[in-house]
Every structure is written in C-alpha cells, then in structure tokens.
Amino acid sequence: LSGGTLRVNLSGEAHSGELILFFVHGAGSSSATFGLLADRLRRVACVVAPDLRGHGDSSDDADGDMSIAELTEDCIQAWQEVASRRGVSMIEGGPKQLVLVGHSLGGAVVSRMAHDSRVQPHLAALVVVDVAEGTAIASLDVLTHVLQTWPTAFECEEDALEWSCKAGRPRSRAAAALSVPHLLRPCPDGLRWRTNLSASSSFWRGWFEGLSESFLTASPPKLLVVAGMDRLDAPMTAAHMQGVYELQVVAHFNGVGHFVHEDAPDEFTAVLLYFLRRHGVVPKEHAADVMVNAMETVRPRSRSSSFGQPSAPRGRSRSGSFDCHQQPSSRESSRSRSSTVSDASNDAAGVVAAAAAALQHHQRRHSATQREREQQQLLQLQPRVGQQQPPHPPEQPAQPAAPRGEQLRAAVAAAEAHAGAEHT
C-alpha cells in the first residue's frame, strides 16, 4: 500500500461465485484472533483476515496515521486485491459474495466499508462483534488507566499466555496459544508488545465516532453479536427494538469476554452460519455439516447457565445462556419465515405450535368445567320456583321481597366468591 505493506491471511480458496468472509480485528490484536473461526469456516467460504497497519505482520505507517479513514482504506484495497487475485467478479450486478465481520475497532472499520462504492455492490451481510459507539467512547478514559497496568515485557511466551488469559485477552487458553504469539516481538529483555496502543491514543475517539450511524444505515442484513446486553448504547437499543438489525448474545457458564469469537468459537460459528443461511447468503447444504458440529458442542453447554439457573428452553434465549434461535428484525420476518421452511427450526416451531394448541385445549376444558360448576352453584343458591318462604314473625311488619334482579346479582356474587376460593 501507499504507506507500507499489509499482511493478509487467507484460509480456503475463493473462486468465481464463492463466498468470502472478510474479518477485521480490533485494536492491539491481529488477524490470528480469527484462527479458530477460520479452521471451522474454511469449508464454507474463503476466510480473509488482514493485519491492520501497525499490527501483526503489517508495517507501521511512516507518518503514524492510524485514523479510521486510513484503516478503512487499507482494508478496501486489501479486499480489491484479494478479489482480483482470486478471480472474484467485480462487475456491478454480479453475485453478492462478500460478508464483512469486524470485532471492536474492526467493527467500526467494516461499518464504514459497507458504505463505500467499491464494496457495497458486492456486500451480502454485515456482522459487528461486541462494540457500540456510546459504550466504546465511554470506556476510553478507563482504557488509559488499564494500559498503564499492563506489563511492558515478558520473559517468555508462557508468561504472556498466562497473563493474557487472566486479563481476558482472550480467556480461552487454546485461543490465546494461537493468537497471543502474533502480538509479541522479541527484544533484549524478552518479549514486548508488537503494537503500542498508547501511541495511538489521539485516534481512539475518532475510531468509534459515527459507528452507530454507519452500522444502522448500512443496506445489507446486519447482525450484532455481543457478550452481554450492557454493551449496547441507547441508539443501538432503540434500533434493535425497531427491528433495524438482529442481535445475538453469546454466553455460557464458562463466561465470555470481549473476545467473543475466541472464547466461544463454536457458539460464534453457529450464530454466524445461522444468520447467513437464514438470509440465503450461505447455501444450506454447504453450512449443514459445520452447523451440526458446532451445535453438538453448544447444546451440552446450554443445559446449564450462569447464576445456577436452569437453562432456557430451545428456541428461546436469555442473557447468560446461548441459543441459536436468533432475534429476527421485523423488516425481515417474512423473509425469514420463507427461508427456513426446511430448516431444523421447523421442528422447534412444531413443538411450540403443539404446546400452544395443548394449552388452548386445556384452557377451553377448564373454562367449560368452571362455567358448569358456577351454574350448579348458582342454581343451589337461587330460591326455587314455588318454594314457600318462611313466615315473618308476627311482632314485625312483613318486609317486601327483594327484586328478582338483586337476588340474582347476590347469587352470582356468592358463586364467584366461592369459585375463587376453590380455585385458590
């Protein structure tokens, strides 16, 4: 590139008409953070993951420009180069075979890429991982203090792995063993961080300003994957309630941190493929084996959840547990119903429908039985026709009988009180 060289890692082959998953990592990370996902997804698509300038094996920019505009332009040029070398058709109106996936800072990059004229005609879907504009900007002051507590050097790689897992970067030991070595460089006193995040602090705020608007106004189907609902800011929460994008919370009893895709690669794979398959981006026959393998890993975890609570039923999700049934946007509800006719989700829909029918039948039977019982009690409480009333005492004047309507109202009130007590 104009400012140096950009390292781009590929897994699998991309041919004309084949899907390309373009992953962009976050600040201080590298493309190796997507290594576990690439191993799972290479049978479905070509996985492309560049190292941002100043990260991984990419060179530093000569003038130190780490602005969001430059990072976005680097990734657009990387996409064009990969598409050219792999024979991807760049003709306007051709098949949309590009899916952008960005984690943290990478989410801000791909959200802006989605509006570029060189990318937009080929974009099939947009996925952002664990970032929102409001919460990201609010955490920048804290990040300054956090970086001061980081060790500046490690004696060996094992020390770096141990510290990274304790710090949640990532929490998974297997993921850390794959990604952390790419974040380090040798030095006389051992190993140091490849990227100096503090040196780019002047660009931090600009990375995330406008992120929500870029994501929410992008045209393709959109998915936000987070480790907790506290990641959402007010605009993203309101937009989700309006059905502008789809939201998935990935969490299980082991805990998932900011590096969702590394801490829970099987869950993330299932979430991503379910989203892409439901929108017709990934053919069902291509994604079937991968989803089955991922779900076989996920389902045992879903039987126990955080805080010692029983897991949610399949087809429903709550914070603290994982379920592959995503929350579709209202704008895409009709498309999702037609695109999942032969999906496994129909089994769950059938179970729900059967349960609803059984509940309605029970309610009808209960209502009929209740009405019968109330009618019998009403008859018992009502005075019988022609029944002789006891005579009034002679010393008191005879009182006129209460109107028939009042007698019936009193009888009904008594029956209702009796039925309520019995029901309780």
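Heads up: these notes are all about the structure in this document. Quick caveat, the model's predicted, so the values are computed rather than measured.

Within the structure shown, the criterion is met by eight aromatic pairs. Between Trp150 and Trp163 the ring centres are 5.4 Å apart and the planes differ by 75 degrees, which places this aromatic pair in the edge-to-face class. Remark: Trp163 occurs in helix α6 (residues 157-167) and Trp150 occurs in the loop between α5 (140-149) and β6 (153-154); sequence separation between them is 13 residues. Trp163 shares its class with Trp150; the two are buried. Their ring planes at 90 degrees and their centres at 5.4 Å tell us that Phe154 and Trp193 sit as a pair that is edge-to-face. Highlighted residues: Phe154 in strand β6 and Trp193 in strand β8 (residues 190-193), separated in sequence by 39 residues. The buried category is assigned to Phe154, whose relative accessible area is 6%.

Pairing within the open sheet is mixed, and its seven strands lie in the order β1-β3-β2-β4-β5-β9-β10. Because the sheet does not close on itself, it has two edges, and the strands there are β1 (8-11) and β10 (246-249). Each strand axis lies, on average, 20 degrees off the axis of its neighbour in the sheet, ignoring direction. Two strands pair when backbone bridges link them, and β1 and strand β3 (residues 46-50) are joined in this way by four bridges, in the antiparallel orientation. By the bridge assignment, Leu10 is partnered in β3 with Val48. Against the sheet, helix α2 (residues 68-85) contacts β1, β2 (20-24), β3 and β4 (98-103), and its axis sits at roughly 155 degrees relative to β2.

Here we take up α2. Over its 18 residues, α2 extends 26 Å from the first C-alpha to the last, a length consistent with the 26 Å expected when each residue adds 1.5 Å. Buried residues belonging to α2 abut β1, β2, β3, β4, α3 (105-113) and α8 (204-208). One or two residues past the end of α2 sits Gly87, with phi positive at roughly 75 degrees.

Across all of its chains, the model carries 14 salt bridges by this definition. Arg85 is the salt-bridge partner of Glu81, the closest N and O atoms lying 2.6 Å from each other. Taken together, the residues span about one helical turn, with Glu81 and Arg85 both in helix α2 at a distance of four residues. Exposure remark for Arg85: the relative accessible area of 68% places this residue in the exposed category. Asp230 is the partner of Arg231 in a salt bridge, and the nearest nitrogen-oxygen pair spans 3.3 Å. Exposure remark for Asp230: the relative accessible area of 57% places this residue in the exposed category. What emerges from the salt-bridge pattern is a single network uniting Arg53, Glu70 and Asp74.

Okay, unusual backbone geometry next. Backbone geometry follows two general trends: most residues other than glycine have a negative phi, and most peptide bonds adopt the trans configuration. Looking along the chain, the bond that leaves Arg169 and enters Pro170 is cis, with omega of -10 degrees. Tracing the backbone shows Pro170 in the loop between α6 and α7 (173-179). The residue Ser104 is not glycine, and still its phi comes out positive at about 55 degrees. Its location among the elements puts Ser104 in the loop between β4 and α3. Looking at Ser104, the relative accessible area reads 14%, which means it is buried. In the Ramachandran plot, Asp130 falls in the positive-phi region, its phi being about 55 degrees despite a non-glycine side chain.

So, on to the sheet that holds β6. Strand order in this open sheet of three strands is β6-β8-β7, and the pairing throughout is antiparallel. Here the strands that pair on one side only, and so sit at the sheet edges, are β6 and β7 (184-187). Where β7 and β8 come together, four bridges link them in antiparallel fashion. Bridging across to β8, Pro186 finds its partner in Leu191.

Quick look at the nonpolar core now. The biggest cluster of nonpolar side chains holds 62 residues, and the ones touching the most others in it are Phe22, Leu100, Met113, Leu224 and Tyr245. Ranked by residue count, the leading element in this core is α2, at eight residues. One finds Val47, Ala125, Ala264 and Leu272 within the second-largest nonpolar core, a separate group that totals 32 residues.

Here Glu246 is to be found in strand β10. Each C-alpha atom of the pair Glu246 and Phe275 lies 8.8 Å from the other, and the pair is 29 residues apart in sequence. Polar contacts involving the side chain of Glu246 include one to the side chain of Arg278, which spans 2.4 Å.

Definitions and limits used
Residues numbered from 1 in each chain as written. Predicted model: local features only at pLDDT ≥ 70, side-chain atom pairs only at ≥ 80, totals over all residues. Heavy atoms only, no water. Phe/Tyr/Trp six-rings, centres within 6.5 Å; stacked < 30°, edge-to-face > 60°. Helix = DSSP H or I, 4+ residues; strand = E, 2+ residues; numbered from the N terminus. Buried < 20%, exposed > 50% of the residue type's maximum accessible area, 1.4 Å probe, protein only. Pairing = 2+ DSSP bridges. Axes fitted to C-alpha atoms, helices over the stretch in contact; angles between N-to-C directions. Contact = heavy atoms within 4.5 Å. Expected span 1.5 Å × (residues − 1). Salt bridge = Lys/Arg side-chain N within 4 Å of Asp/Glu carboxyl O. Core = buried A, V, L, I, M, F, W, Y, C linked by side-chain atoms within 4.5 Å. Polar contact = N/O pair within 3.5 Å; in protein donor to acceptor, adjacent residues only side chain to side chain.

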